[in-house]
Amino acid sequence: MNKFYLTTAIPYVNGKPHIGHALEYFQADTVRNYHRLLGEETLLLSGADENALKNVQKAEEEGIKVEEFLNRNSKVFEKAFSDLGIKLDVFQRGSDKIRHWPGVQKLWQLCFKNGDIYKKTYGGYYCVGCESFKTEKELVNGLCPEHQKKPELVREENYFFRLSKYQNQLTNLIETNELKIIPENKRAETLSFIKSGLEDFSISRSYQRAHGIGVPVPGDKTQIIYVWFDALDIYMTGIGFGINEKEWNKWWPADLHIIGKDINRFHTVYWPAMLLSAGLPLPKEILIHSFINSGGQKMSKTLGNVIDPFEIANKYGVEALRYYLLSQIPLSEDGDFTIDRFLEIYTADLTNGLGNLAARVAKLSQNNKIKAPNPEQVFDNKLKEYFKNYQFSEALAYLWTKVAEVNREINQRKPWELSGNEAKLTILNLIKEIQYIAFNLQPFLPQTAAKILNQFSGHIEYQSPLFPRIKNS
RNA sequence: CGCGGGGUAGAGCAGUGGCAGCUCGCGAGGCUCAUAAUCUCGAGGUCCUGGGUUCGAAUCCCAGCCCCGCAACCA
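Here the structure is a predicted model, which means the values were calculated and not measured.

A. Spotlight on the packing of aromatic side chains. This model, assessed by the stated rule, comprises 28 aromatic pairs. Centre to centre, the rings of Phe161 and Tyr166 are 6.2 Å apart; their planes meet at 5 degrees, and the pair counts as stacked. Ring centres of Phe161 and Phe229 lie 6.3 Å apart, and the angle between their planes is 50 degrees; this geometry places the pair in the tilted category. Taken together, the positions of Phe161 in strand E6 (residues 152–161) and Phe229 in helix H7 (residues 228–231) put the pair 68 residues apart, joining distant regions of the chain. Residue classification places Phe161 among the buried residues on the basis of a relative accessible area of 0%. With relative accessibility at 0%, the residue Phe229 sits in the buried group. Each member of the aromatic cluster is reached from another via a ring pair, and the members are Trp108, Tyr159, Phe161, Tyr166, Phe201, Trp228, Phe229, Phe266 and Tyr270.

Put into structure tokens, the structure is as follows:
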């Protein structure tokens, strides 16, 4: 049996899940459902990146222990999945000393043995207020713009990863699509970034500066493994890397990482380089989604245009939100979400489109006492094509042309004027078409598809609307 | 010389050289199985501006204006 292992990005838990996370999670679940329906064994992983100074700062601000802070915030993200109707197989936390830490240290050692980890003194302007380094460009009149303080010139010895060594190898892997980056414009960005020249990056912090939080560097108690060299490993430690080789071997390499455009570099450059250094297989595909604006602008509290996905899901249903995000947000460009637009799409596509179609065919079937045939269990070839490049919106638009076709067909044939065998054959055909749409819809809207398939099996009855009309308030 | 995306009907978008398209919304008509749903027809566009190339440009080139991101050890 084929396997399909995919991951969402590992969110940084300092903050709340937003609509961009919802988009990513729906995309991941859709891909997973598709592969599962193809008969493959699937595993969907997410997790929490808990290694960051900001977490420490935030916890201190709130006056609670770091551990408590992490527990609480990670739960919020884990819960986001179930709130969105998605079942994860693994939620791997970065603070997990039993499952995560051994794998991180193992990866470190593999890279170290290969000579790609070395010590270097790193100097820079360090703002105590921000607890982070500032580049000279960021400073205004030599002061930190946020704190109006003069940053200290700090020198610290850290471990670095020899990223520069992998420039040619990475270029080649991406150009040959051995490491496939989707969509094309993100792939081009990565390539141009690599060609502009790669610099080694630091992968550790002093124990002091990290406040002792994080995975210790093997053999050096004064240093803690930092951010990317820790967080990315979750994709492997979550499936047993470092503690359960059998499990890890079964699933690795990942078939797909789904991420946002902000962390493109780390996934398409740093991560593959780390794996190359360690002599491990690379993920096969990386799908990069863009951001969601509201009314053409970045969502911000100040503008008051922030859309809370959980509020929408509560009010109008998870699958309505899911439909909007999968169908209206383009793959390669930033998308837009406003309530007005959402309601328009809801009414046009779900209420008037799919929902009404199911209702009218159900009533026709009921009136004529037609029993449903068994649905055909094969995906549409066009849909399969769309899945190759994860063209969710194109796939849904295609399915909705089927909805329109069936509506047209009903109006042309006027089954309500027919009787006997003629009525039966006509309506039977309509039922088959609905089943076909529902079967193909399963990856995208699993609950809705299941409802339709269930309604159109055996004895067919008219039921309450799939998508109740939303009255204009 | 930082890098990139974008400016096409009221709204959201597709369209990379050959009579300007899609969805929603809007108007008129038809139908009654259906959630005032569906179906047919229609109105609506200086394709950001100014030059240029071409028999022909939304589409290629040059200049400019406007909007939005990113600017590597920071998720």
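The structure having been displayed, the exposition proceeds.
B. Structural context of the layout of surface pockets. The space that makes up the second largest pocket amounts to roughly 300 Å³. In terms of residue count, helix H3 (residues 66–83) provides more of the lining of the second largest pocket than any other element does, four residues in total. When its residues are assigned to classes, the lining of the second largest pocket shows five nonpolar, six polar and five charged.

C. Representation of the side chain of Ser393 within the structure. Within the fold, Ser393 resides in helix H15 (residues 392–413). Its relative accessible area of 17% is what places Ser393 among the buried residues. Here Glu394 takes part through its side chain, which lies 3.1 Å from a polar atom of the side chain of Ser393. With sequence-adjacent residues up to four places away left out, Ser393 is seen in contact with Leu326 and Ser327.

D. Main features of the protein's contact with RNA strand B. By nearness alone, 41 residues border RNA strand B, and Arg205, Trp228, Asn411, Tyr462 and Arg469 come closest of all. Each atom of RNA strand B within 4 Å of the protein was classed as base or backbone; sugar and phosphate made up 67%. A distance of 2.9 Å separates a base nitrogen of RNA strand B from a polar atom in the backbone of Gly197. Within the contact set of RNA strand B, a base nitrogen lies 3.0 Å away from a backbone nitrogen or oxygen of Phe467.

E. Representation of the domain arrangement of chain A within the structure. Per the domain assignment, the segments making up chain A are domain 1 (3–289) and domain 2 (338–455). In this complex, domain 1 contributes 14 residues to the contact, which on the side of domain 2 involves eleven residues. Surface buried jointly by domain 1 and domain 2 totals about 1,100 Å² across both partners, of which 70% is contributed by carbon and sulfur atoms. On the domain 1 side of the interface with domain 2, the three residues burying the most area are Thr30, Tyr34 and Leu37, jointly 49% of the side's total. Counting across the domain 1 and domain 2 interface gives zero salt bridges. Put simply, domain 1 and domain 2 have four residue pairs in polar contact (both at pLDDT 80 or more) between them. Ranked by residues supplied to the side of domain 1 that touches domain 2, first place goes to helix H1 (residues 19–37) with seven residues. Residue composition of the side of domain 1 that touches domain 2, by class: eight nonpolar, three polar and three charged.

F. Quick peek at helix H16 (residues 420–441). For H16, built from 22 residues, the straight-helix expectation of 32 Å at 1.5 Å per residue is met to within 8% by its first-to-last C-alpha distance of 32 Å. Considered for burial, the residues of H16 that qualify are Ala423, Thr426, Ile427, Leu430, Ile431, Ile434, Gln435, Ile437, Ala438, Phe439, Asn440 and Leu441. Looking at the packing, one finds that the buried side of H16 touches helix H13 (339–367), strand E16 (371–372), helix H14 (381–388), H15 and helix H17 (446–455).

G. Structural detail: empty space enclosed by the protein. Evaluation of the coordinates by the stated rule reveals one cavity of 30 Å³ or more. Taken as a whole, the largest cavity encloses approximately 50 Å³ of empty space. Leu23, Gln27, Leu325, Leu326, Ile329, Pro330, Leu331, Tyr390, Gln391, Phe392, Ser393 and Glu394 together form the lining of the largest cavity. Broken down by element, the residue count for the lining of the largest cavity peaks at three residues, all from H15.

H. Representation of the packing of helix H11 (residues 309–316) against helix H12 (residues 318–328) in the model. Running from amino to carboxyl end, H11 crosses H12 at an angle of 125 degrees, the nearest separation of the two axes being 6 Å. Between H11 and H12, the crossing angle belongs to the class labelled oblique. Side by side, H11 and H12 meet where Pro309, Ile312, Ala313 and Tyr316 of the first sit next to Val318, Ala320 and Leu321 of the second.

I. Spatial organisation of the sheet that holds strand E10 (residues 216–217). As summarised here, the arrangement of the three strands in space is E9-E11-E10, forming an open sheet in which the pairing is antiparallel. Looking along the sheet, the strands with just one partner apiece sit at the ends: strand E9 (204–206) and E10. In this structure, E9 lies alongside strand E11 (residues 220–225), joined through three bridges in antiparallel fashion. By the bridge assignment, Ser204 is partnered in E11 with Ile225.

J. Looking closely at the environment of Ile117. Locating Ile117 in the fold gives a position in strand E4 (residues 117–127). Ile117 gets classed as buried once you look at its relative accessible area, which sits at 6%. Note: C-alpha distance between Ile117 and Glu461 (344 residues apart in sequence) is 67 Å. Leave out the neighbours within four places in its chain, and Ile117 touches Trp108, Cys111, Phe112, Tyr159, Phe160, Phe161, Ile203 and Phe229.

K. View of the environment of Leu343. Within the secondary structure, Leu343 is located in helix H13. Once the C-alpha coordinates of Leu343 and Lys471 are considered, the two residues, 128 residues apart in sequence, prove to be 9.9 Å apart. With sequence-adjacent residues up to four places away left out, Leu343 is seen in contact with Tyr316 and Ile470.

L. Structural detail: the pattern of salt bridges. Taken as a whole and assessed by the stated rule, the structure comprises 19 salt bridges. Notably, a salt bridge pairs Asp29 with Arg322, separated by 2.9 Å at the nearest N-O pair. Residue Asp29 is found in helix H1, and its partner Arg322 is found in helix H12; the two are separated by 293 residues along the sequence. We classify Asp29 as buried; its relative accessible area is 5%. The residue Glu385 makes a salt bridge to Lys388 at a minimum N-O spacing of 3.0 Å. Of this pair, Glu385 and Lys388 both sit in helix H14, three residues apart, which is roughly one turn of the helix. According to the relative accessible area criterion, Glu385 is partly exposed, its value standing at 45%. Salt bridges linked by common partners bring Lys3, Asp255 and Lys284 together as one network.

Procedures and definitions
- Residues numbered from 1 in each chain as written.
- Chains lettered and ligands numbered in written order.
- Predicted model: local features only at pLDDT ≥ 70, side-chain atom pairs only at ≥ 80, totals over all residues.
- Heavy atoms only, no water.
- Phe/Tyr/Trp six-rings, centres within 6.5 Å; stacked < 30°, edge-to-face > 60°.
- Helix = DSSP H or I, 4+ residues; strand = E, 2+ residues; numbered from the N terminus.
- Buried < 20%, exposed > 50% of the residue type's maximum accessible area, 1.4 Å probe, protein only.
- 1 Å grid on protein atoms, 1.4 Å probe; cavity = no way out; pocket = protein on both sides within 12 Å on 5 of 7 lines; lining within 4 Å.
- Points joined across faces, edges and corners; volume = space filled by probe spheres on them.
- Nonpolar A, V, L, I, M, F, W, Y, C, P; charged D, E, K, R; others polar.
- Polar contact = N/O pair within 3.5 Å; in protein donor to acceptor, adjacent residues only side chain to side chain.
- Contact = heavy atoms within 4.5 Å.
- Near = heavy atom within 4 Å.
- Domains from an automatic or database assignment.
- Buried area = accessible area lost by both parts, 1.4 Å probe.
- Salt bridge = Lys/Arg side-chain N within 4 Å of Asp/Glu carboxyl O.
- Expected span 1.5 Å × (residues − 1).
- Axes fitted to C-alpha atoms, helices over the stretch in contact; angles between N-to-C directions.
- Parallel < 35°, antiparallel > 145°, perpendicular 65-115°, else oblique.
- Pairing = 2+ DSSP bridges.

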